[in-house]
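Structural features, examined
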Amino acid sequence: TTIAGELDGQGVNASGSGDEFEIFIATEVARATSEDLLRRVINAPAVRTQTTWVNDFVENGVINATEALKEIEDALNARAINQTANFIISARVRNAEDAAVLAGAARDVYLEDYRSRHNAGVREGIRQLEGQIGALNEQLAELDTQMTNLLRENRIQSVTTVYP
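What comes next is a walk through the structure. For clarity, every value in this text was computed on a predicted model and none was experimentally measured.

**Some words on the overall build of the protein chain**
Within the protein chain, the regular secondary structure consists of five helices and five strands. By residue count, 28% of the 164 residues in the protein chain fall in the buried class. Pairs at least 24 apart in sequence give 64% of the contacts found in the protein chain among residues at least 6 apart. Element-wise, carbon and sulfur atoms account for 49% of the exposed surface of the protein chain, whose accessible area totals about 11100 Å².

Listed below in structure tokens is the structure:
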């Protein structure tokens, strides 16, 4: 059984055109089925509590992550939808309900990862802007001090600024 979880409208934004766009989508498709994210899927609460699939990998109450990873690498697939910013994550296992839960968990794990990566970039941009603002404020304070010193040295009582 194949159950697909589409990412359309889920907060994944892609921009660009041509090769750049295709590279972005290919990278995100690969990321969605990366070992790191698949390990997170295996440990997702929905997979642990709503599937019978996971039972094949539980030993003494603990999931055998190595065996589960081998199986989920074969069970989950991601593919781009041509000429769109979307891709489909699908799962193929014996039980249709398990396939739906696995595909949904893979989608959710990917979206959480994407947002985390995206937000990290935004936070870095904000940090850089704050640094630039701080540097500009220091320059402004230095210029104010220079102006005050010049006024005092030249015994100027007031200054009128005329703007064109």
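**A closer look at the side chain of Glu28**
Along the chain, the position of Glu28 falls in helix α1 (residues 18-32). A distance of 2.5 Å separates a polar atom in the side chain of Glu28 from a polar atom in the side chain of Tyr110. Residues contacting Glu28, with those up to four places away along its chain left out, are Phe87, Tyr110, Tyr114 and Arg117.

**With respect to the packing of helix α2 (residues 35-42) against helix α5 (residues 96-153)**
The interhelical angle for the contact between α2 and α5, taken along N-to-C directions, is 125 degrees, at an axis separation of 9 Å. In terms of orientation, α2 lies oblique with respect to α5. The handedness of the crossing between α2 and α5 is right-handed. Contacts between α2 and α5 pair Leu37, Arg40 and Val41 from the former with Leu102, Ala105, Ala106, Val109, Tyr110 and Asp113 from the latter. Among the residues making up the contact of α2 with α5, the classes are represented as seven nonpolar, no polar and two charged.

**Some points on the side chain of Asp113**
Of note, Asp113 is situated in helix α5. Given the relative accessible area of 6%, Asp113 is considered buried. Side-chain polar atoms of Asp113 contact the side chain of Arg117, separated by 2.8 Å. In this view, Asp113 contacts Arg31, Leu37 and Arg40; residues no more than four positions away in its chain are not counted.

**Some points on the pattern of salt bridges**
Inspection of every chain in the model, using the stated rule, returns 11 salt bridges. Among the ionic pairs, Arg31 bridges to Asp36, the shortest N-O distance being 3.0 Å. Exposure remark for Arg31: the relative accessible area of 22% places this residue in the partly exposed category. A salt bridge links Asp113 to Arg117; the nearest nitrogen and oxygen atoms lie 2.8 Å apart. Remark: Arg117 and Asp113 occur in helix α5; sequence separation between them is four residues, near one turn of the helix. A relative accessible area of 34% places Arg117 in the partly exposed class. Members of the salt-bridge network, linked through shared partners, are Glu28, Arg31, Asp36, Arg40, Asp113 and Arg117.

What counts as what
Residues numbered from 1 in each chain as written. Predicted model: local features only at pLDDT ≥ 70, side-chain atom pairs only at ≥ 80, totals over all residues. Heavy atoms only, no water. Helix = DSSP H or I, 4+ residues; strand = E, 2+ residues; numbered from the N terminus. Buried < 20%, exposed > 50% of the residue type's maximum accessible area, 1.4 Å probe, protein only. Contact = heavy atoms within 4.5 Å. Areas by Shrake-Rupley, 256 points an atom, 1.4 Å probe, with all protein chains shown as cover. Polar contact = N/O pair within 3.5 Å; in protein donor to acceptor, adjacent residues only side chain to side chain. Axes fitted to C-alpha atoms, helices over the stretch in contact; angles between N-to-C directions. Parallel < 35°, antiparallel > 145°, perpendicular 65-115°, else oblique. Left-handed = near helix turned anticlockwise from the far one by under 90°. Nonpolar A, V, L, I, M, F, W, Y, C, P; charged D, E, K, R; others polar. Salt bridge = Lys/Arg side-chain N within 4 Å of Asp/Glu carboxyl O.

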